[in-house]
Amino acid sequence: MPTALITGITGQDGSYLAELLLEKGYEVVGMVRRSSMATYERIEHIQDDIRIVPGDLHDQSSLVSVLEEYKPTEVYNLAAQSFVPTSWNQPLLTGEVTGLGVTRLLEAIRLVNSKIKFYQASSSEMFGKVMEVPQSESTPLYPRSPYGVAKVYGHWITINYRESFDMFATSGILFNHESPRRGLEFVTRKISHTVARIKFGQVKELRLGNLEAQRDWGFAGDYVRAMWMMLQHQTPDNFVIGTGETHSVREYCELAFGYLGLNYQDYVVQDPKFYRPAEVDLLISDPSRANNELGWKPSVSFKELVEMMVESDLQKLSKA
């Protein structure tokens, strides 16, 4: 039975990936920080089927211990300080975890068993001030936040370990991917949750920043499938994962409010407080390498994604 170690298992992607790997007959080990205030809500339904073990990307020896004890065949590094605005308030922490944490994990793998397959969660935020549209694996990187900068470091150190030590180290450059399990601090979930609250009469407005910001949004469940496919591929490489289409925050609002028969213009207030210090430009993926080499394609459309998230928040609030 193959064993997978997932860092960041309590997050959106970690929970979907754990489900997928369990379905495929893996033994799943999830690493969490002892001091973490991590909520287990997203993995509650599968907690009896997985092993939760302590480990910390700040601490090399804890990573070595986990690898030695559980002997994973695959390691998925999904742990990061992953909220862009927070990275401006905590740039050093973001660099430590999101950047150097990758090196500690790769170094632990190299020391314990360099045959372990490694997946690094890279991000479209690395493209930042985009040098070309759409963005592919060969697009130059120009990050626009401490988070993006740290992800570039993690991305390149993965490539360096792959090329220097002949390790199976793969980097998935994932564009924005959402789901009902997204944290409330992310704009898509903030919208779907507030729309549901407006429907129930709990609040009267939704405050947002730049409505014209455009993103390539897909469904997280589709994207974790791509992660797994990358580690089953014959050779390690970098793969861009996205839908290849772009939508604005305004469009997201239109669909979310429209799903409940409401007009977003009656409720949305633009608030300068929510603008980023440096906005990223048009992020849109060119996922053709993943389509051609992995046979990966998204299964959930943008409209289906928005409606899935609103519906989920409606259900949650109706039970509350």
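Everything here concerns the structure above.
Peer 1: Got a sec to walk through the layout of surface pockets? Specific residues and values, please.
Peer 2: In this structure, the second largest pocket spans a volume of roughly 240 Å³. Around the second largest pocket sit Thr39, Glu41, Arg42, Pro180, Arg181, Arg182, Gly183, Leu184, Arg189 and Lys316, which together line it. Of the residues in the lining of the second largest pocket, the class split is two nonpolar, two polar and six charged.

Peer 1: Describe the sheet that holds strand S6 (residues 169-174), with residues and values.
Peer 2: The sheet built from seven strands is open, its strands ordered S3-S2-S1-S4-S5-S6-S11 with parallel pairing. Both edges of this open sheet fall to strand S3 (51-54) and strand S11 (238-241), since each of them pairs with a single strand only. Shown here is a sheet whose adjacent strand axes are inclined to one another by a mean of 20°, direction ignored. With four bridges connecting them, strand S1 (residues 3-7) and strand S4 (residues 74-77) associate as parallel partners. Looking at S4, one finds that Leu5 is bridged to Val75. Across the sheet, helix H2 (residues 60-70) touches S1, strand S2 (27-32), S3 and S4, and the angle it forms with S3 is around 145°. Set on the sheet, helix H7 (residues 220-232) makes contact with S4, strand S5 (117-123), S6 and S11; between it and S4 the angle comes to about 140°.

Peer 1: Describe the nonpolar core, listing the residues and the values that go with them.
Peer 2: Ranked by internal contacts, the top residues of the largest apolar core, which has 59 residues, are Ile6, Leu17, Tyr76, Tyr119, Ile191 and Ile241. Tallying contributions element by element places H7 first for this core, with eight residues. If we ignore the near neighbours within four places in the chain, the residues touching Tyr76 are Ala4, Leu5, Ile6, Thr7, Leu17, Leu21, Tyr119, Met227, Trp228, Leu231 and Gln232. Counting 23 residues, the second largest nonpolar core, distinct from the first, contains Met31, Val102, Leu105 and Ala108.

Peer 1: Give me the lowdown on the environment of Phe175, citing residues and values where you can.
Peer 2: With respect to the helices and strands, Phe175 occurs in the loop between S6 and strand S7 (177-178). Taking the C-alpha atoms as reference, Phe175 lies 18 Å from Leu231; in sequence the two are 56 residues apart. Once residues within four sequence positions are removed from consideration, Phe175 is found in contact with Ser124, Phe127, Gln135, Asp216, Tyr223, Val240, Ile241, Gly242, Leu283, Ile284 and Ser285.

Peer 1: Which residues make up the packing of aromatic side chains, and what values go with them?
Peer 2: Considering all chains together, one arrives at nine aromatic pairs under this definition. When the centroid spacing of 5.5 Å and the interplanar angle of 10° are considered together, the rings of Phe257 and Tyr267 count as stacked. Placement of Phe257 in helix H8 (residues 249-259) and of Tyr267 in the loop between H8 and strand S13 (268-270) is noted, with a sequence separation of 10 residues between them. Accessibility expressed as a relative area gives 0% for Phe257, which makes it buried. One aromatic cluster in this structure is built from Trp217, Tyr252 and Phe302. Over the ring of Phe186 we find Arg182; its NZ or CZ atom is 3.7 Å from the centre of that ring.

Peer 1: Can you break down the pairing of S6 residue by residue, with the values?
Peer 2: Most of S6 is tucked away: six of the six residues are buried. Burial along S6 is two-sided: the residues Ala169, Ser171 and Ile173 and Thr170, Gly172 and Leu174 are all buried. With six bridges joining them, S5 and S6 adopt parallel strand pairing. If you follow Gln120 over to S6, its bridge partner there is Ser171. Each parallel crossover has a hand, and for S5 linked through helix H5 (residues 146-165) to S6 it is right-handed. Taken together, the four bridges between S6 and S11 define a ladder with parallel strand orientation. In the sheet register, Leu174 faces S11, and the bridge partner there is Ile241.

Peer 1: Could you give me a rundown of the pattern of salt bridges, with the residues and numbers involved?
Peer 2: A complete count under the given rule lists 13 salt bridges for this structure. When the shortest N-O distance is used, the salt bridge between Arg225 and Asp222 registers 3.2 Å. One end of the pair is Arg225 and the other is Asp222, both in helix H7 and three residues apart, which spans about a single turn. Overall, the relative accessible area of 3% leaves Asp222 in the buried class.

Peer 1: Tell me what's going on with the packing of helix H6 (residues 187-199) against helix H10 (residues 302-319), and back it up with residues and numbers.
Peer 2: The contact between H6 and H10 brings their axes to 8 Å, and the two run at 50°. Here H6 lies oblique to H10, going by the angle between them. At the point where H6 passes H10, the crossing takes the right-handed sense. On the side of H6, the interface is formed by Thr188, Arg189, Ser192, His193, Val195, Ala196, Arg197 and Lys199, while H10 contributes Met309, Val310, Asp313, Leu314, Lys316 and Leu317.

Peer 1: If you had to explain the packing of helix H4 (residues 91-112) against H5 to someone new, which residues and values would you point to?
Peer 2: Contact geometry for H4 and H5: axes closest at 8 Å, N-to-C directions at 15°. Considering the angle they form, H4 stands roughly parallel to H5. Crossing geometry of H4 relative to H5 is assigned as right-handed. Listed contacts from H5 to Pro91, Thr94, Gly95, Thr98, Gly99, Leu100, Val102, Thr103, Leu106, Glu107 and Arg110 of H4 are Pro146, Tyr147, Ala150, Lys151, Tyr153, Gly154, Ile157, Thr158, Tyr161 and Phe165. By residue class, the composition of the contact of H4 with H5 is 11 nonpolar, seven polar and three charged.

Rules of the game
- Residues numbered from 1 in each chain as written.
- Predicted model: local features only at pLDDT ≥ 70, side-chain atom pairs only at ≥ 80, totals over all residues.
- Heavy atoms only, no water.
- 1 Å grid on protein atoms, 1.4 Å probe; cavity = no way out; pocket = protein on both sides within 12 Å on 5 of 7 lines; lining within 4 Å.
- Points joined across faces, edges and corners; volume = space filled by probe spheres on them.
- Nonpolar A, V, L, I, M, F, W, Y, C, P; charged D, E, K, R; others polar.
- Pairing = 2+ DSSP bridges.
- Helix = DSSP H or I, 4+ residues; strand = E, 2+ residues; numbered from the N terminus.
- Axes fitted to C-alpha atoms, helices over the stretch in contact; angles between N-to-C directions.
- Contact = heavy atoms within 4.5 Å.
- Core = buried A, V, L, I, M, F, W, Y, C linked by side-chain atoms within 4.5 Å.
- Buried < 20%, exposed > 50% of the residue type's maximum accessible area, 1.4 Å probe, protein only.
- Phe/Tyr/Trp six-rings, centres within 6.5 Å; stacked < 30°, edge-to-face > 60°.
- Lys NZ or Arg CZ within 6 Å of the ring centre and 35° of its normal.
- Right-handed = clockwise from strand over helix to strand, strands pointing away.
- Salt bridge = Lys/Arg side-chain N within 4 Å of Asp/Glu carboxyl O.
- Parallel < 35°, antiparallel > 145°, perpendicular 65-115°, else oblique.
- Left-handed = near helix turned anticlockwise from the far one by under 90°.

Shape is all these values report; function is a separate question.
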